[in-house]
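# Topology and contacts: notes
What follows is the residue order along each chain.
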Amino acid sequence: MATTHSKVLTDQQVADYNRDGYLILRDVVSKGDADELRQLTRRELDRLSFPPSLKYPASGKYTISGNCLAEPGFAPIAEHLTVVDAVECLLGEPARLTAYVAYLRSPGDKGSGAHCDYKRWRPVGSSMNWLFAVIPLTDFNADNGPLLVSPGSHKLLNVIDKNERIWDVSRPDAKQLADFIDPELKAGDLLLMHGGT
């Protein structure tokens, strides 16, 4: 078995990620740092969130993205050594940040439903080798809502035409998906999720 040469991931963790399409590392960000980031996200909602018509705490999904990495308080999470090392280990190449987004879901929001985030018109559409690094800033529980994953679902995506300059993928048949599970994410955990999961 080849070694991963990772400072934070074992060969078994890499094998689990390749099998399941996700991997969880617990307590990567301290509770104190997660609290600070959550407070910063809340403070920046009025200035940076989308859609602008949504006013907190109205029920919905508030998205902070775009050039928000320039906000000094957000940068450390994207540069976190454990996150970068784990991402590079799983991708097998240097990490390149293509999107940096914070979501705040207020009570009553129903979530996004089952979906795969690969979309060929997004920056990640130029690559089939990408993943999400999700760090909850609050516990994902019954009050806040879980993030569910279907183990192995990343293996069900098929490139429609490999001769195209930009690849598109077909959606898997929902009957093929394994049952969704709740990884029971807590504030400060790290969910590494394959782009096709």
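As a starting point, this report considers the structure included with it. Note that the structure is a prediction, hence the values are computed from the model and not measured. The numbering scheme is per chain: residues are counted from 1 as the chain's sequence reads. Only residues with pLDDT of at least 70 are given local features in this predicted model, and only at 80 or more are side-chain atom pairs given and counted; all residues enter the totals for whole chains, interfaces and linings. Excluded from the side-chain calculations are hydrogens and water; all other atoms, namely the structure's heavy atoms, are used.

The next thing to look at is the overall build of the protein chain. In terms of helices and strands, the protein chain carries four helices and eight strands. Its helices and strands taken in sequence order, the protein chain reads α-β-α-β-β-α-α-β-β-β-β-β from the N to the C terminus. Counting only residues that meet the buried cut, the protein chain has 35% of its 197 residues in that class. For the protein chain, restricting intrachain contacts to residue pairs at least 6 apart in sequence, the fraction spanning at least 24 positions comes to 74%. When the accessible surface of the protein chain is totalled, it reaches about 12,100 Å², and 52% of it is carbon and sulfur. Helical segments are the DSSP runs of H or I of at least four residues, strand segments are the runs of E of at least two, and each set is numbered from the N terminus. Burial classes follow relative accessibility: with a 1.4 Å probe on protein chains only, a residue under 20% of its type's maximum area counts as buried, one over 50% as exposed, and anything between as partly exposed. For this analysis, residues touch if any pair of their heavy atoms sits within 4.5 Å. Shrake-Rupley sampling with a 1.4 Å probe provides the accessible areas, and residues are treated as covered by the protein chains on show and by no other component.

What follows concerns the sheet that holds strand E8 (residues 190-194). Strand pairing is assigned whenever DSSP identifies at least 2 bridges connecting the two strands. The sheet built from three strands is open, its strands ordered E1-E8-E5 with antiparallel pairing. The open sheet is flanked by strand E1 (22-25) and strand E5 (131-134), the only strands paired with a single partner. Each strand axis lies, on average, 10° off the axis of its neighbour in the sheet, ignoring direction. Sheet analysis places E5 next to E8, joined by four bridges and oriented antiparallel. Bridging across to E8, Ala133 finds its partner in Leu192. In this description, a line fitted to the C-alpha atoms serves as the axis of each element, helices being fitted only across the stretch in contact, and the angle between N-to-C directions of two axes falls anywhere from 0 to 180 degrees. Across the face of the sheet, helix H1 (residues 11-20) comes into contact with E1, E5 and E8 while running at roughly 140° to E1.

Turning our attention to the sheet that holds strand E3 (residues 61-64). Each strand in a sheet pairs with another by means of backbone hydrogen bonds, the pair being arranged parallel or else antiparallel. Read from one edge to the other, the open sheet built from three strands follows the order E2-E3-E4, with strand pairing classed as antiparallel. Looking at the sheet topology across the chains shown, the edges are occupied by strand E2 (49-50) and strand E4 (102-105). Relative to E3, E2 is paired through two bridges, and the arrangement is antiparallel. Paired with Phe50 across the strands is Thr63, a residue of E3. Running at roughly 85° to E3, helix H2 (residues 31-48) makes contact with E2, E3 and E4 of the sheet.

Take a side-chain nitrogen of Lys or Arg and a carboxyl oxygen of Asp or Glu: if they are within 4 Å of each other, that pair is a salt bridge. Going through the model one piece at a time under the given rule, you end up with seven salt bridges. Between Arg19 and Asp20 there is a salt bridge, and its shortest N-O distance comes to 2.8 Å. Close ionic contact of Arg38 with Asp35 constitutes a salt bridge, the shortest N to O distance being 2.7 Å. Placement of both Arg38 and Asp35 in helix H2 is noted, with a separation of three residues, approximately one turn of the helix. Taking relative accessible area as the criterion, Arg38 reaches 32% and is therefore assigned partly exposed. The partly exposed category is assigned to Asp35, whose relative accessible area is 30%. When salt bridges that share partners are traced, they join Asp16, Arg19 and Asp20 into one network.

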